Amino acid sequence: EATGRIALGLKQLTADPWSKVPDTYQVGQVRVGRVTRVAEFGAFVDLGAGVTGLVHLTELAHGRVVRASDIVSVGDRVPVKITRLDEASGKISLSVKQVVTDPWESVPASFVVGKAYPGKIKRYAEFGAFVELRREIEALAPAREFPPSGGGWRDGLVVDESRDWVVIAVDVARRRITVVPAFP
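Anyway, here's the lowdown on the structure attached to this text. Just so it is clear, the model here is predicted, and its values are computed rather than measured.

### Brief notes about the sheet that holds strand β2 (residues 42-48)
Moving on, step 1. Ordered by their spatial adjacency, five strands build a closed barrel running β1-β2-β3-β5-β4, and the pairing between neighbours is mixed. Within this sheet the neighbouring strands show an average axis-to-axis angle of 50°, counted without direction.
Moving on, step 2. As defined by bridge partners, strand β4 (residues 77-86) adjoins strand β5 (residues 91-95) across five bridges and the pair is classed as antiparallel. For Lys-81, the partnering residue across the bridge sits in β5 and is Ser-95.

Printed below as a string of structure tokens:
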């Protein structure tokens, strides 16, 4: 039934934040924003004045990211680079990893072939174990490099267990480090 009334929300009383986006934000620009929501696929970052962008999971860090919540939390202030602006859909794509130092830049000096380093087994694959040598730097310990045992190559290995590993190969271009267990 028509009453002759008009209902307005607060949103209709304020200017559309996207009306100023072309003048305020440009692709390639670096800003500091605040994480407002963490989702399975990434994190939403408030850039100010009601404009929010998405940092996809693959753009949160240089290393392997399984959950965005492992990297950021709601309320965190993060530096971001604007990688895409789509005015038609009202979407901004952002990247954290493009504004932070790539940890692989220091790998040649930090991990020398023939030397032992501490690391934690993070996960297994059919062909070996992935070992975290430091944040965002993982190495592969190939299954064929483990000594034979009755229980198979995984025998005695525990996820998140820390032990020493000897670096046998470093390929920075392919972002690969190969390690073997260091035995006393």
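### Focus: the nonpolar core
Moving on, step 1. Formed by 21 residues in total, the largest nonpolar core has its most connected members in Val-45, Leu-47, Val-55, Leu-60, Val-80, Ile-92 and Leu-94.
Moving on, step 2. Only β2, β3 (51-56), β4 and β5 provide two or more residues apiece to this core.
Moving on, step 3. Residues Val-107, Ile-137, Ala-139 and Trp-165 belong to the second largest nonpolar core, which totals 19 residues.

### Comments concerning the packing of aromatic side chains
Two aromatic rings are characterised by how far apart their centres lie and by the angle between their planes.
Moving on, step 1. Tallied over the full model, the rule gives six aromatic pairs.
Moving on, step 2. Consider the rings of Phe-41 and Phe-44, whose centres lie 6.0 Å apart with planes at 90°: the pair is edge-to-face.
Moving on, step 3. Centroid distance Phe-146 to Trp-165: 6.2 Å. Interplanar angle 80°. Geometry classified as edge-to-face. One end of the pair, Phe-146, is in the loop between β8 (137-142) and β9 (162-171); the other, Trp-165, is in strand β9, with 19 residues separating them in the sequence.
Moving on, step 4. Phe-146 gets classed as buried once you look at its relative accessible area, which sits at 9%.
Moving on, step 5. Relative accessible area serves as the criterion here: at 0%, Trp-165 is assigned to the buried category.

Cut-offs applied
Residues numbered from 1 in each chain as written. Predicted model: local features only at pLDDT ≥ 70, side-chain atom pairs only at ≥ 80, totals over all residues. Heavy atoms only, no water. Pairing = 2+ DSSP bridges. Helix = DSSP H or I, 4+ residues; strand = E, 2+ residues; numbered from the N terminus. Axes fitted to C-alpha atoms, helices over the stretch in contact; angles between N-to-C directions. Core = buried A, V, L, I, M, F, W, Y, C linked by side-chain atoms within 4.5 Å. Buried < 20%, exposed > 50% of the residue type's maximum accessible area, 1.4 Å probe, protein only. Phe/Tyr/Trp six-rings, centres within 6.5 Å; stacked < 30°, edge-to-face > 60°.

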